[in-house]
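Coordinate inspection notes
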Amino acid sequence: MGLIKQRKNKKYNYKPRYYKGEGSPYELKHKFDDFRSTVNPAKGLKGKFNAALDDYKNNRDDSVNRRVLIIAGILLLLFLLLIGFDLSIFFPQN
């Protein structure tokens, strides 16, 4: 019925008659498409998850990992404060 399947975009393959350069000057493409591995068409949920894992394993960046851990820690502390958890167990008492 069309509710489950996604519509594919139409492709525009115009080739100018007198253009002598490489490719088409009217090609609609994002400038970072050559560097991405996740631009391929949808492969389902499992395929998207596997592609994201492969991209993570091949392009590791320690500063991003550290940043994600810091953000997760801050969010965890905010959550604990919000629910009224007693944070004094984390600090030494005299």
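Presented here is a report on the structure given in the accompanying data block. (Residues numbered from 1 in each chain as written. Predicted model: local features only at pLDDT ≥ 70, side-chain atom pairs only at ≥ 80, totals over all residues. Heavy atoms only, no water.)

A count of helices and strands for the protein gives two helices and zero strands. Burial status across the protein gives 4% buried among its 94 residues. For the protein, the accessible surface area stands at approximately 10,100 Å², while carbon and sulfur atoms represent 58% of it. (Helix = DSSP H or I, 4+ residues; strand = E, 2+ residues; numbered from the N terminus. Buried < 20%, exposed > 50% of the residue type's maximum accessible area, 1.4 Å probe, protein only. Areas by Shrake-Rupley, 256 points an atom, 1.4 Å probe, with all protein chains shown as cover.)

Right, let's talk about helix H2 (residues 62-83) for a bit. Between its first and last C-alpha, H2 extends 32 Å over 22 residues, near the 32 Å set by a 1.5 Å rise per residue. Positive phi shows up at glycine 84, right after H2, with a value of about 85 degrees. (Expected span 1.5 Å × (residues − 1).)

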